[in-house]
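Analysis of the macromolecular model
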Protein chains: 2
Amino acid sequence: MKKYLYAFEEGNKDMKNLLGGKGANLSEMTSLGLNVPPGFTITTEYCMNYQNGHRHVAGFMDTVKKAVKQVEKKQGKTFGDAANPLLFSVRSGARASMPGMMDTVLNLGLNDLTVQGLISQTKNERFAYDAYRRFLNMYSNVVLGVDHEHFEAKFTEYKDKKRYASDLDMTTADLQQLVVMYKKLVQERTGTKFPEDPWKQLLGAISAVFDSWNNKRAASYRRINRIPDDWGTAVNVQSMVFGNMGQDSGTGVAFTRNPSTGEKGYFGEYLMDAQGEDVVAGIRTPHPIAELAKENPKAYRELTGVFKKLERHYRDMQDIEFTIEKGRLFILQTRNGKRTGRAAIRIAVDMVKEALIDRDTAVLRVDPRSLEPMLHPDLDPKAKMKVLTKGLPASPGAACGKVVFSAEEAVHALRSNEKVILVRHETSPEDIEGMHSAVGILTSTGGMTSHAAVVARGMGKCCVSGAGEVKIKYQAGEFKVGATIVRRGDVITLSGNTGEVILGAVKTIPPQMDDYFEELLSWADKRRKIKVRTNAETPLDCRNGRIFGAEGIGLCRTEHMFFDKERILHVREMILSDTNEQRIKAIDKLLPYQKKDFKQIFEIMDGYPVTIRLLDPPLHEFVPHEEAEIKAVAEELGMSAEDVHAKIKGLHEVNPMLGHRGCRLGISYPELTIMQVKAIISAALEVQKEGKKVIPEIMVPLVSISEEFSNLEKKIRKFADEMIRGSGQKLQYQVGTMIEVPRACVVADKIAQKAEFFSFGTNDLTQMTFGFSRDDAGKFLGTYQEKGIINDDPFAVVDQEGVGALMKMAVEKGRSVRKNLKVGICGEHGGEPSSVQFCIDIGFDYVSCSPFRVPIARLTAAQAVLRKK
Amino acid sequence: MKKYLYAFEEGNKDMKNLLGGKGANLSEMTSLGLNVPPGFTITTEYCMNYQNGHRHVAGFMDTVKKAVKQVEKKQGKTFGDAANPLLFSVRSGARASMPGMMDTVLNLGLNDLTVQGLISQTKNERFAYDAYRRFLNMYSNVVLGVDHEHFEAKFTEYKDKKRYASDLDMTTADLQQLVVMYKKLVQERTGTKFPEDPWKQLLGAISAVFDSWNNKRAASYRRINRIPDDWGTAVNVQSMVFGNMGQDSGTGVAFTRNPSTGEKGYFGEYLMDAQGEDVVAGIRTPHPIAELAKENPKAYRELTGVFKKLERHYRDMQDIEFTIEKGRLFILQTRNGKRTGRAAIRIAVDMVKEALIDRDTAVLRVDPRSLEPMLHPDLDPKAKMKVLTKGLPASPGAACGKVVFSAEEAVHALRSNEKVILVRHETSPEDIEGMHSAVGILTSTGGMTSHAAVVARGMGKCCVSGAGEVKIKYQAGEFKVGATIVRRGDVITLSGNTGEVILGAVKTIPPQMDDYFEELLSWADKRRKIKVRTNAETPLDCRNGRIFGAEGIGLCRTEHMFFDKERILHVREMILSDTNEQRIKAIDKLLPYQKKDFKQIFEIMDGYPVTIRLLDPPLHEFVPHEEAEIKAVAEELGMSAEDVHAKIKGLHEVNPMLGHRGCRLGISYPELTIMQVKAIISAALEVQKEGKKVIPEIMVPLVSISEEFSNLEKKIRKFADEMIRGSGQKLQYQVGTMIEVPRACVVADKIAQKAEFFSFGTNDLTQMTFGFSRDDAGKFLGTYQEKGIINDDPFAVVDQEGVGALMKMAVEKGRSVRKNLKVGICGEHGGEPSSVQFCIDIGFDYVSCSPFRVPIARLTAAQAVLRKK
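For the structure given in this document, a descriptive report is provided here. (Residues numbered from 1 in each chain as written. Chains lettered and ligands numbered in written order. Predicted model: local features only at pLDDT ≥ 70, side-chain atom pairs only at ≥ 80, totals over all residues. Heavy atoms only, no water.)

A look at the overall build of chain A
Put simply, the rule reads: Labels follow the DSSP assignment, with helices taken as runs of H or I lasting at least four residues and strands as runs of E lasting at least two, numbered in each case from the N terminus. With a 1.4 Å probe rolled over the protein chains alone, any residue whose accessible area is under 20% of its type maximum counts as buried; one over 50% counts as exposed, and the rest are partly exposed. The contact criterion used is simple: two residues touch if any of their non-hydrogen atoms lie within 4.5 Å.
Helices and strands together make up the secondary structure of chain A, namely 33 helices and 33 strands. Seen through its principal axes, chain A has C-alpha atoms that stretch 105 × 60 × 55 Å. Split into buried and exposed, the 869 residues of chain A put 59% on the buried side. Sequence-distant contacts, at least 24 apart, represent 68% of the contacts inside chain A between residues at least 6 apart.

Okay, here's the thing in structure tokens:
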């Protein structure tokens, strides 16, 4: 077996694959001349060899002993020595950070003899015995498999017997007692004595850390985070240093910049005469790092020197752990610091200005997902809150308002300027106005792409969906979560970022897109190759889309326009009419409204393409449910209310998702399609006459058979061309289709013979490819994630294996017959980074998402280009 | 251009592609020395050349004139001659029979001069002028584009003016008048005179027949029957002979065997001194062919000689047209006669015994589709009936009974031995018992694969579904069709073969599978390579399946078993229970029932495999709707009725097809799967102990993710293996999956790593691939067929382009990782011939269908093998 043990002097930061992240950084810092407690790393390769049934290689402990000898020399201490013992920490360290997933043993080397040496080193008998007791517990747990709770039980029992209130009441004598009791416990549980031999301890700990690569926790963390099982972990054996050796000792953690805001300046905490555990236990309150300048100017100078050196060296904000042992500064760890999206942007932009990194690097530094909270209001992180229950974080942001249970109440409340949260089992298109009027939406059923979720995201409005614990009683005007009853008018707060539902009002902070944000995105825009459009149909959303940088509309749904109060009656007339004449009459009444809608949109989107989807939802979504409305329609149509009832019943569908909708409507009722085409083209001609540039793209939804498309395409072109000829103007327009049915992917080559563009409707495509109704899948998708059957919600992240394979097939087939076929995505996935990356990989021309996700898509698109480099 | 005109002497029956079916047979008969009126055929190749914009080639009419000269010589008449004119018929004749789709012109060559010649030939002035008048009408319509209705109007006007009651009242003088009027009409309508020149007439007629290849009727016939547009039609120009030249003349049509029963013996009709038109017009009643033996023994002898000769020559039952002109027998046409399924079988078997054909040919001779009516009772074709409305022929057969509107009424009626028809909007699993009790089912909504249709077919019970005109009022206990009201207890009759709903009782005839049937199928079985199984779960269906020759069960649904009265309460307990303990308790109660079910099935299917599908439907299908039932469950579970109501509401799904069902249930509630596995394996072990051979195959439904399958497969094997080990017996079983979700096809290679068999559930696969809900698609599939967007209902015939492509992908991917993967189909398509053929083509091991379709599948499978030869 090749070299498998590296002293920290031998490695460097580029050896992460072999030494793990922690080991590589310890080596790097050692090479940089920083004062790192000496030690060595056993490689990930060795780990895999060990895992693959070979256990330890011959001569392993001889190699370890040689390495320990080197450390002893540097530290002037001896491993297992009663007078001046060298102690070790043994820690895992994989290629990718897996915080807390694998095991660690501290203070290794302690036994009844060496504990005396520790006492003389530290002059602190209580600390030494406490360390010894903790070591016995930790080692027995990690290496010998004795459950932690047994030690905990002994400890509590002892404390109770002594009637101690706090752990601090334990005296040295008590701790000595515990050491004896712990050892006895180990013998009882394992049948053998606790190993006093430090070398046996060391071998045991190294093996245990390797073994922990395969514990359940680590395995499932890898599955979720897609870390390959065969990467393995390295083991770092490092000499212990102590920050509790008096007032010239201490310990702390610091970031080289503010991880929350990105501001320059050191950010961290320290404690003198303390170990890390003291900070964690909350026994003492640490001080801000700046105070060290006063308390120990020399140490502070030295420390900030290290900060500067490390940040310059790694060219990134660092998260550093240090210990001062009797005035000597030791650096225990450095790594790139975790940060908020806001901080990531500011740090990246600042570092470009400081010439630490170039713009490409800056663009790559910011996780697009981390932008999301910045684009919406958020809960004040300092606020105290009582979380009532948790649903799905369906649409980001935060909102606080009085509970209402119907769209009407919401509309009414807005008139009196009240902020309300609309609470429903689920929402339907009838609730649109109410959703607009509410500040947030809470539903008890439905997933990440339920009606509520999709519409709320489109509106950029906070929404928590599928909060299954919320039991709504509409008639009583209340909902229950367990025993808690929330009544109409009670105030609740929603966090669309976490899915939390909170009782009472919580302070929120507004979205802040600062100059740093704009600057970084301007760099991103120069790098990306695909366009980013937005899904929008209201003037407000269109304008928002432009503000967020959208280069066109990828999906303008026309059905939302039909719910307006002025027109819904005509829509209902159209649906419920008995004769073709009645229907055409009703449809004609809608034409001027539709034309007005499109004119507004074309005006706002001057110079950018607008993809308009023809009417898509099943007609029963528009029918009236209330008696008064039914009567109104009946009167208008000269029918009896009973007949209207019967008609409505006849429209009922068992599976509306797979029913009479999409292009099937246009084929059944060509007049409907013709009206929409007339509205689009006449609007376009008029706006063009105003001197604006209009680029309409007419999109036929839900095509599964090429003949469906060609049937409608022929009609669309006929009427569009006639109108354009009649106008004397010239107007370019395209006719294309939404690819959202599995069969359309299979026959994409036939469809592309006539279709000028494909826009993937990945919401529906996901539904049909999996056979998952997005409204119902909430009932089992949670279980699926728990049981590891799926990693991501396929409605949030494109399922590349299944849905993605069909998408790829469709693009290839489509382009095989039409080279310049324009391809985009307009499902909600169009704003999700890994999905955007996938779309780029398979050759899309653009992605389209809700206005508030446009910046995320812009950044992702730029990163995709840079990563390919 | 190569030879494009063939005299009848020059061709033969194998030249169908070039000469069309009619032309090739005329040639063949001419070569056989039969007396065929001479003539010639212009080829299909010429037609395509003509179609492709080249029109007629140079010298075309010279070639035609030469051919006409030959005919004149043979007939001793001259084309256009005033004294002894030769007249022609000009008819189309394509490769495939397209009856009535293209144009024909008779008596071509008539004008004011030649009509005199016809009079002297026929000695019948009235006939000659009637023929002239008809020719003017026909030619003007077909060649000159003057609408038939204009001639009809003139004719009626004249008759009315003369106050004639019948066409027969028209005298020769009247007809002469009409000839003048018709010619005037043509001049008015076309602006030119009617062409008197026979050569112009001939060129016009030939061109018109070629043009008619592209008329709308023919084009849509081709589309529906999948006849390529580039086949073209030939034109047959044949000299006219007349059967109305006195008592030594006549005309007739005969089959060489009985086309309805297949019995040996000539079957047909003739009329002396008549033309075919007389028979068609119903003016005179033709005589059975046998009477000709007495009336004209010589002609009869000669004719039957021709019958024998042609049948022997073609080795198939012939459909022959003949004319006797002045004692000379002319054969005008022969072709393989159309026949019923029953006749097809008997003729094929008889002909084998007569050494006319071999068994392979016999098996190929019978259209599998034609068996369907034989396997079910049918309406007596002689009965008179008043058809009320028509729905979809959802399940074949015929049934007659009193109308009931609920399953309970049906069950009740059975007890008093009454035959009832169950009439519902649609059926649900709760209606199973009622469906069993009824003799037929009528639904107002739902398509060919709606619940009612699928279940009825499985039961072999007559069903008419989707009869949209039927407006049911449950509360009033009646349904309306237009103004007709049918009340509870009124008798109606259904034909599942035609979809007709008939008022009152109609006599039905029972199914008759005779010895011929058995013999032919036994030959088929020796030839086929794939197995045929049946979909069955009741002992009755299993036995029926065996009787019809099923070699195993391809789909045993377990959900129907849950509706039994004894168990439904336990099922409901299971579904509505609050805690895991309650659920397990309820499930345990079901185990003995399930075990009993499986024991019965295994006993009947001794030696044959039984594929058992784990519970599939969404749980809300089982929940109670009536207050008393809800109370019963609530009591059993110690819950309040209100809580049960809430639970039921919570189970509601927006799109149940895409909801919490199939393997998703087993993953949510593993105890359910385990119970079913225990029932299957313990039943198998017990039946095996009785000395029978049990081959259980456990099928996981609705898999879309490979991990779904592996999750359940692991549990199934664990429990099955434990039980088998515990029993001390050996038992082979398999675990496989249903492929019915598009995604499963895409990841079939991953699924096949663990799955031992794939069974394609093409019903659901079709639903999800198209995005068509089978319950709702009835609303637009009709329109789709009318508008030519689809040819076949994809729920009846596998959509090879889309669904089929995914199936092929799945088989290839599956076998790429598991060579011996067993592949079958258990959707309703498994009994449809073209779908069975497709399954064979893509390498299936078996097909499975409802018991009553098993013979169809057996025959289709044999034909597939023979066709490959």
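Quick notes on the interface of chain B and chain A
You'll often see interface size given as the accessible area lost when the parts meet. This is how the line gets drawn: Reported buried area values correspond to the accessible surface (1.4 Å probe) lost by two parts on association, with both partners' losses combined. When a carboxyl oxygen of Asp or Glu lies within 4 Å of a side-chain nitrogen of Lys or Arg, that pair is called a salt bridge. What qualifies as a polar contact is a pair of N or O atoms within 3.5 Å, subject to a donor-acceptor requirement within protein and to the restriction that residues adjacent in sequence count only when both atoms come from side chains.
Across the contact, 55 residues belong to chain B and 54 residues belong to chain A. With both chains or domains summed, chain B and chain A bury close to 4500 Å², and 56% of this area falls on carbon and sulfur atoms. Our enumeration of links across chain B and chain A arrives at 6 salt bridges. One salt bridge connects Glu801(B) with Lys750(A), and the closest N-O pair in it is separated by 2.9 Å. Linking chain B with chain A are 32 residue pairs in polar contact (both at pLDDT 80 or more). Where the side of chain B that touches chain A is concerned, the elements lending two or more residues are α23 (641-651), α24 (663-668), α26 (706-727), α27 (742-746), α29 (762-770), α30 (778-786) and α31 (800-817) of chain B. If you tally residues by element for the side of chain B that touches chain A, the top one is α31(B), at 5 residues.

Quick notes on the relation of the copies chain B and chain A
As a reminder, the rule being used: A least-squares superposition brings the copies together, and it is based on the C-alpha atoms of residues with pLDDT no lower than 70 in both.
Of the transformation superimposing chain B on chain A, the axial component is 0.0 Å and the angular component is 180°, with the fit at an RMSD of 0.3 Å. Here the symmetry operator amounts to a two-fold rotation axis. If distances are taken from each C-alpha of chain B to the rotation axis, the shortest is found for Asn655(B), at 2.2 Å. In this assembly the copies share their binding face: 98% of the residues contributing to the interface of chain B also contribute to that of chain A.

Examining the sheet that holds strand β2 (residues 39-42) of chain B
Residue and element names in this part refer to chain B. For clarity, the threshold we go by: Strands were regarded as paired on the criterion that DSSP finds at least two bridges between them. Lines are fitted to the C-alpha atoms to define the axes, a helix being fitted only along its stretch in contact, and any angle between axes, read from their N-to-C directions, falls within 0 to 180 degrees.
Strand order in the open sheet made by the 5 strands is β1-β2-β7-β5-β6, with antiparallel pairing throughout. Looking at the sheet topology across the chains shown, the edges are occupied by β1 (5-7) and β6 (104-108). With direction set aside, neighbouring strand axes in the sheet form an average angle of 20°. By the bridge criterion, 3 bridges tie strand β5 (residues 88-94) to β6 in an arrangement that is antiparallel. Pairing of phenylalanine 88 across the sheet is with leucine 108, part of β6. On the sheet, helix α3 (residues 60-75) packs against β1, β2, β5 and β7 (233-239) and is oriented at approximately 155° with respect to β2.

Observations concerning the side chain of Asp431(A)
Residues and elements named next belong to chain A. Within the element layout of this structure, aspartate 431 appears in the loop between β17 (420-424) and α16 (432-437). Using a relative accessible area of 8% as the deciding quantity, one classes aspartate 431 as buried. Those residues in contact with aspartate 431, other than ones at most four positions away along the chain, are Ala407, Arg424 and Glu426.

Thoughts on empty space enclosed by the protein
Regions of empty space are outlined by a rolling probe, equal in size to a water molecule, passed over the atoms. Residue and element names in this part refer to chain A. Worth spelling out the cut-off: Whether a set of points on the 1 Å grid over the protein atoms alone is a cavity depends on a 1.4 Å probe fitting there but being unable to get out, while an open set qualifies as a pocket with protein on both sides within 12 Å along at least five of seven lines; lining residues are those with an atom within 4 Å of a point. Grid points are joined across faces, edges and corners, and a volume is the space filled by probe spheres set on the points.
One pass over the full model with this rule turns up 6 cavities of 30 Å³ or more. Within this model, the largest cavity holds a volume of roughly 70 Å³. Taken together, Leu614, Leu615, Gly662, Cys663, Leu665, Gly666, Leu672, Thr673, Gln676, Val700, Pro701 and Leu712 make up the full set of residues lining the largest cavity. Looking at the lining of the largest cavity, the elements that each hand over two or more residues are α24 (663-668) and α25 (670-689).

Some remarks on unusual backbone geometry
The phi dihedral of Arg163(B) is positive, around 55°, even though this residue is not glycine. Despite not being glycine, Asp273(B) has its phi angle at roughly 45°, a positive value.

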